[in-house]
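As a plain string of letters, each chain reads:
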Amino acid sequence: MGLSRQYLRYVPAALFGLLGSAGGNAAMVALGGERGRGVAVAACEHVFVWDLRKGEKVLILKGLKQEARYLCPSPDGLHLAVGYEDGSIRIFNLLSGEASVTFNGHKAAVTAMQYDQLGGRLVSGSKDTDVIVWDVINESGLYRLKGHKDAVTQVLFLKEKNLLVTSGKDTLVKWWDLDTQHCFKTLVGHRTEVWGMALISEEKRLITGTADSELRVWDISYIQEEVKDPDEPESKKSKGSSPVAEKNTEEDETLELDEGPEERLLKCSKVGSIMREGRDRVVTLATDRTGKILACHGTDSVLEVFSILSQEEVQKKLEKKMKKAKKKAKKKSEEEEPEGDVELSLQEEIQRVTNVKASAKIKSFDMILSPKGELKVVLLLQNNIIESYLLNLSAQVPQAVRASKISIGGHRSDVRTLAFSSDNIAILSASAESVKIWNRSTLQCIRTMDCEYALCSFFVPGDRQVIVGTKTGKLQLYDLASGSLMETLNAHDGAVWSIALSPDQRGFVTGGADKCVKFWEFELVKDESSVQKRLSMKQVRILQLDEDVLCVRYSPNQKLLAVSLLDCTVKIFYTDTLKFFLSLYGHKLPVLCMDISYDGALIATGSADRNVKIWGLDFGDCHRSLFAHDDSVMYLQFVAKSHLFFTAGKDGKIKQWDADKFEHIQTLEGHHQEVWCLALSPNGDYVVSASHDKSLRLWERTREPLVLEEEREMQREAEYEESVAKEDQPVVAGETQGETGLAGKKTIETIKAAERIMEAIELYREEMAKLKEHKAICKAAGKEVPYPVNPILRAYGNITPSEYVLEVFKKVRSSELEESLLVLPFSYVPDLLRLFNEYIRLGAEVELLCRALLFLLKIHFGQITTNQMLVTVIENLKKTTISRVSEARDVLGFNMAGLQHLKREIEAKDEVMFFADATDRFEEKKRKRKKKEKMILAVV
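Draft legend 1. Focus on the overall build of the protein chain. If you tally the helices and strands in the protein chain, you get 13 helices and 57 strands. Referenced to the eigenvectors of the C-alpha coordinate spread, the extents of the protein chain come out at roughly 115 × 105 × 70 Å. On the protein chain, roughly 46900 Å² of surface is accessible, and the fraction owed to carbon and sulfur atoms is 52%. Across the protein chain, the mean location of the 130 positive side-chain charges is 4 Å away from that of the 139 negative side-chain charges.

Draft legend 2. Fine view of a negative patch on the surface. Taken together, the side chains of Glu160, Glu202, Glu312 and Glu313 define an acidic patch exposed on the protein surface. With respect to the helices and strands, the residue Glu312 is situated in helix α3 (residues 311-332).

Draft legend 3. Broad picture of helix α8 (residues 801-811). Among the residues of α8, those classed as buried are Pro801, Ser802, Tyr804, Val805, Leu806, Val808 and Phe809. Of the surrounding elements, those touching the buried residues of α8 are α6 (748-781), α7 (791-795), α9 (817-822), α10 (829-842) and α11 (846-859).

Draft legend 4. Structural context of the nonpolar core. If you look at the biggest cluster of nonpolar residues, it comprises 38 residues, and the most contacted ones within it are Phe809, Leu821, Leu832, Leu833 and Phe836. Looking at this core, the elements with two or more residues in it are α6, α8, α9, α10, α11 and α13 (871-939). Other than its neighbours up to four places away in sequence, Leu832 contacts Ile761, Phe809, Leu821, Leu824 and Leu856. Ala295, Val305, Val353 and Tyr389 belong to the second largest nonpolar core, which has 19 residues in total.

Draft legend 5. Fine view of α10. For α10, built from 14 residues, the straight-helix expectation of 20 Å at 1.5 Å per residue is met to within 8% by its first-to-last C-alpha distance of 20 Å. Across the 14 residues of α10, ten count as buried, placing the element largely inside the fold. Taken residue by residue, α10 has Val829, Pro830, Asp831, Leu832, Leu833, Leu835, Phe836, Asn837, Tyr839 and Ile840 as its buried positions.

Draft legend 6. Local environment of the pattern of salt bridges. Under the criterion given, the structure shown has 35 salt bridges. For Glu487, the salt bridge identified is with Arg534, shortest N-O distance 3.1 Å. Highlighted residues: Glu487 in strand β37 (residues 484-490) and Arg534 in strand β41 (residues 533-544), separated in sequence by 47 residues. With a closest N to O distance of 3.0 Å, Arg534 and Asp527 form a salt bridge. One network of salt bridges, with partners in common, ties together Glu34, Arg37, Asp51 and Arg53.

Draft legend 7. Here's a closer look at unusual backbone geometry. For Leu443, which is not glycine, the phi torsion reads 60° and is therefore positive. Within the fold, Leu443 resides in the loop between β32 (434-439) and β33 (445-450). A residue is classified by how much of its surface remains accessible, and Leu443, at 22% relative accessible area, is partly exposed. Positive phi is not limited to glycine here, since Gln558 has a value of about 65°. Among the structural elements, Gln558 can be located in the loop between β42 (549-554) and β43 (560-565).

Draft legend 8. Spatial organisation of a positive patch on the surface. A cluster of basic residues, Lys316, Lys317, Lys320, Lys323, Lys324, Lys327, Lys328, Lys331 and Lys332, forms a positive patch at the surface. Summarising the element assignment, Lys327 is placed in helix α3.

Draft legend 9. Region of interest: the sheet that holds β37. One open sheet accounts for four strands, arranged β34-β35-β36-β37; its pairing is antiparallel. Of all the strands in the sheet, just β34 (454-459) and β37 have a single pairing partner and so form its edges. Neighbour to neighbour, the strand axes of the sheet diverge by 20° on average, direction disregarded. As paired elements, β34 and strand β35 (residues 465-470) share five bridges and run antiparallel to each other. Bridging from a neighbouring strand, Cys456 pairs with Gly469 of β35.

Draft legend 10. Region of the structure containing the packing of aromatic side chains. Counting across every chain of the model gives twelve aromatic pairs. An angle of 75° between the planes, with centres 5.1 Å apart, marks the rings of Phe16 and Trp438 as edge-to-face. Here Trp438 lies in strand β32 and Phe16 lies in strand β1 (residues 7-16), a separation of 422 residues in the sequence. No difference in accessibility class separates Phe16 from Trp438, as the two residues are buried. Consider the rings of Phe48 and Trp50, whose centres lie 6.3 Å apart with planes at 75°: the pair is edge-to-face. Assigned by exposure class, Phe48 and Trp50 land together as buried. Three or more aromatic residues link up through ring pairs in this structure, and these residues are Phe458, Phe508, Trp520 and Phe522.

Draft legend 11. Seen up close, the sheet that holds strand β6 (residues 68-73). One open sheet holds the four strands; their spatial order is β6-β7-β8-β9, and the pairing between them is antiparallel. Each of the sheet's edge strands pairs with one partner strand only, and the pair in question is β6 and β9 (99-104). In this sheet, adjacent strand axes meet at a mean angle of 20° when their direction is disregarded. Here strand β7 (residues 79-84) pairs with strand β8 (residues 88-93) via five bridges, running antiparallel. Considered in β8, the bridge of Val82 is made with Arg90.

Draft legend 12. A nonpolar patch on the surface, seen in detail. Side chains of Leu899, Leu902 and Ile906 sit close together on the surface and give an oily, nonpolar patch of about 300 Å² of accessible area. Its place among the elements puts Ile906 in helix α13.

Draft legend 13. Spotlight on the packing of helix α5 (residues 708-726) against α6. The contact between α5 and α6 brings their axes to 9 Å, and the two run at 95°. Here α6 runs roughly perpendicular to α5, going by the angle between their axes. Taking contact as the criterion, the partners of Tyr720, Glu721 and Val724 in α5 are, on α6, Ile748, Ile751 and Lys752. Per-class residue counts for the contact of α5 with α6 are four nonpolar, no polar and two charged.

Draft legend 14. How the structure looks around the side chain of His587. Mapped onto the elements, His587 comes out in the loop between β45 (580-584) and β46 (591-596). Among the polar contacts listed, one links the side chain of His587 to the side chain of Thr605, at a separation of 2.8 Å. A polar side-chain atom of His587 sits 3.3 Å from a polar atom in the side chain of Asp609. Beyond its immediate chain neighbours, meaning those up to four positions away, His587 contacts Cys568, Thr605, Ser607, Asp609, Asn611, Lys613 and Trp615.

Draft legend 15. Here's a closer look at the side chain of Ser681. Mapped onto the secondary structure, Ser681 falls in the loop between β54 (675-680) and β55 (686-691). Apart from residues no more than four positions distant in its own chain, Ser681 is found in contact with Phe420, Asn424 and Tyr686.

Draft legend 16. Structural context of the confidence of the model for the protein chain. Summarising the model, the protein chain shows a mean pLDDT of 88, and 93% of its residues fall at 70 or more. Long-range and interchain partners of residues 226-259, a stretch whose pLDDT sits below 50, account for 44 contacts in this model, where long-range means more than four residues apart.

Draft legend 17. The arrangement of the packing of α6 against α8 in detail. At a minimum axis separation of 9 Å, α6 and α8 run at an interaxial angle of 175°. As judged from the angle between their axes, α6 and α8 are roughly antiparallel. Across the interface between the two elements, Arg756, Ile757, Ala760, Ile761, Leu763, Tyr764, Glu767 and Met768 from α6 touch Pro801, Ser802, Tyr804, Val805, Val808 and Phe809 from α8. For the contact of α6 with α8, the per-class residue count stands at eleven nonpolar, one polar and two charged.

Draft legend 18. Looking closely at the pairing of strand β16 (residues 173-177). Counted residue by residue, β16 has five buried out of five residues, so it is predominantly covered. By the alternation rule, side chains of β16 split into Val173, Trp175 and Asp177 and Lys174 and Trp176, which are all buried. Pairing of strand β15 (residues 163-168) with β16 involves five bridges; the strand directions are antiparallel. Of the residues in β16, the one forming a bridge with Ser167 is Val173. Counting the residues in the hairpin turn of β15 and β16 gives four residues, including Thr171, whose phi is positive at 70°. Where β16 and strand β17 (residues 182-187) come together, five bridges link them in antiparallel fashion. Within β17, the residue paired with Trp176 across the bridge is Cys183.

Conventions we followed
Throughout, a residue's number is its position along its own chain's written sequence, starting from 1. For a predicted model such as this one, the threshold for reporting local features is a pLDDT of at least 70, and the threshold for listing and counting side-chain atom pairs is 80 or more; totals across whole chains, interfaces and linings nevertheless cover every residue. Calculation of side-chain values draws on the structure's entire complement of heavy atoms; hydrogens and water are dropped beforehand. Secondary structure follows DSSP: runs of H or I at least 4 residues long count as helices, runs of E at least 2 residues long count as strands, and numbering of each begins at the N terminus. What sets the accessible areas is the Shrake-Rupley method with a 1.4 Å probe; for residues, cover comes only from the shown protein chains. In this tally Asp and Glu are treated as negative and Lys and Arg as positive; neither His nor the chain ends contributes. Just so you know, the charge point we use is NZ for Lys, CZ for Arg, CG for Asp and CD for Glu. Patch building starts from residues that exceed 30% relative accessible area and form no salt bridge, then joins like charges within 9 Å and nonpolar side chains (Val, Leu, Ile, Met, Phe, Trp, Tyr) within 5 Å. We define a salt bridge as a side-chain nitrogen of Lys or Arg found within 4 Å of a carboxyl oxygen belonging to Asp or Glu. For every residue, the accessible area obtained with a 1.4 Å probe (protein chains only) is divided by the maximum for its type, and the residue is called buried under 20%, exposed over 50%, and partly exposed between those limits. For this analysis, residues touch if any pair of their heavy atoms sits within 4.5 Å. Nonpolar cores are built from buried Ala, Val, Leu, Ile, Met, Phe, Trp, Tyr and Cys residues. Side-chain atoms within 4.5 Å join them into one set. The span expected for a helix works out to 1.5 Å for each residue beyond the first. Two strands qualify as a pair provided that DSSP identifies no fewer than 2 bridges between them. Angles run from 0 to 180 degrees between N-to-C directions of axes, and those axes are lines fitted to C-alpha atoms, restricted for helices to the stretch in contact. Geometry of aromatic contacts follows a simple scheme: Phe, Tyr and Trp rings, the Trp one being its six-membered ring, pair when their centres are within 6.5 Å, and the pair is stacked under 30 degrees between planes, edge-to-face over 60, tilted otherwise. Oblique is the label for any angle not under 35 degrees, not over 145, and not in the 65 to 115 range, which are roughly parallel, roughly antiparallel and roughly perpendicular in turn. Nonpolar residues are Ala, Val, Leu, Ile, Met, Phe, Trp, Tyr, Cys and Pro. Charged residues are Asp, Glu, Lys and Arg, and all others, Gly as well, are polar. Any pair of nitrogen or oxygen atoms within 3.5 Å is treated as a polar contact; in protein, a donor-acceptor pairing is required on top of that, and neighbouring residues in sequence qualify only through side-chain atoms on both sides. Per-residue confidence from the predictor is reported as pLDDT, which spans 0 to 100.

If you want it as structure tokens, here you go:
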């Protein structure tokens, strides 16, 4: 191969230490047929499904690279739609964990999604201000709705009507008629962003949550209904609230931008508002599936729960009020007062139940109401905890009781230090509140010990104890067997920024913000309480410096000590005499991390100026300065027994470098925010890293060689693919930008699909020309000459060229079909139309071809109609298409009728069974009652 140097590739092995990302939302899912037992939460690019009862992770829905942002379970509970940071949506099967459908349409993060009642359509809103409606069954986009001027915050389908409500950060709530795909009403009564929205009271009311502590309530009256059935009595609900609605119509004129003739569909008027206790903005506002409970929370740790009265309850309350009013009237004066004044206030219809106080800030919630009237609420908190609460609504004073809490598998705050044990098996991670020990192979948390704000750590030789340096200047020694804190020493007056074990393993050195480097030795001390001696540490020497110490490292032979200072230099001292040896200067900002290679020949320093410098340790000369990251270099470590080293940066990347060749070998991408620290296992096979996204990631060295040229080539390809997606979208001639648009977007996949179609048509043209030639040759020769078959067609089983084009067509993803046809040059369209005619006449793939045909006619209408050659083709297509489509419709009609007939038969059977059961039950009750009566009589 002629490889100058062989490197081995590191690949992601696992993501752990994360329970749920605060950037996503929580959604309850069914587990083992039990509703509300599982909860799905976004975890960086994956989605984790947790069993709330056992506190275990039961399923991982694997993502690609982008962070998961929004989860929405389907109505049947079998699928979960996941929206990602880059605007793509994937639909996962919750039984198999596989992603079955991918939708690409949005250009920015998905912020809201909802299924319609049957689960056939999915609507998504995004930061790119667009709303897209997707057909889940056909796996394609239906249309894009444009109108919002800022990120969309909520999207809701109406159950009864084909309408859609969307709210956005642009303070608007828009009503869309999906039959005509246009916005027929805009509510402009809000002064600030609309953060949440919910439909209640059988979709007769809309509640919106904004940046203040009011929840605004709007009455919705559907005008079409009233026009259609003048005889139908008005519903009880609107009777109760009609006077309020009338009062508010005058105000409404000022609040709303009334669009006159569009009032045909519905009227929406403000009724009043309910006050929340929280003073900040609404983060999530939602109802449960039955619509009886409404809950919302702000940026704090309180979830406010409200109960919504049903129409019957409202009617009962009204009647009670009427009776009271009549009694009062009778007492005051004998003649009765008119009853027209009696009406329920909004606060009586939407009652506050209770507040659920969580242990930290709430980021998202989901709830489910059991038939027994028990409300189960699950909360995803900001500090990496999932909690579930139970509320008994039938109680006099409902109290929230915590049912479960999943917290053991992660830290509450960012991990600031990592360390590997000498046997490569245990991993230590420490954050502002706890030290955790993990098993590398199972990724289970073995020990959790409380600590102060940890900054640096290491395993004591023997792997039975660990030492942690803290922000307050303490050294904390923990025993792993008992999981207890054995000793705390005040080491420095400021933070202990760095700690390094001496190569002879008899002691260690610490560097702190008090401008000191302190040398410590391990010793065995005897406690009064126990007979056995225990490990302790004592300070033996101190080196006073002029600046804060940021990092300390020993050379492997323990002759030299490197100290990085706040004045941007690295000073090197002799360990035995503490005399000054070298000063390495050249960085523009302080050196935050450094390491010395195994042979003591090189020292690599990483700085806040984003550079890594490689120096020789014999003369202190700078071999090379490398621009390493797009932000500060936070951590640097050499791989054991080599001159390769890893760096971690605030730009979220981990990079591997060669210190001899000064080459960048590979980038480990995965973290979505700053990487604070990393640790390499002593044998160099594993890297573990910790990030601000609360996740810990494990990377594993494979046996696969890595060739730098190939790596660069792959990088360039990835960059090209990204740039393609960012290019301008193709335009349809003669079309103006309106409220609606195509749902898809141009991606590298759609371009590849178009190229495959073009190749197939070219192959078809070539083969047809060859066939013509072959016939001419046969005619000239007067006998049958053997015909050479194209190898591609032979691979497909000796199919005809036209069948091959159809095969390629069928393989284009349904969601990418329109976009692929958009980028297809017109020169290929005439051939396609002729082929379509042939296929449809044979009755092959009628639905797919009609969809493609109508789309091609729409985008190339002018060119097709002016082309004389295509007139006959279009005429033929017209005849064949109409006959074939009507055939398909008849088959569907027949099947539907058959299914309905079967349904009626099953229902009839069930009814008979049901009545038989009911009779048996009635008899049983009768028997029990008689028995009871006999017992009472006997007692008496």
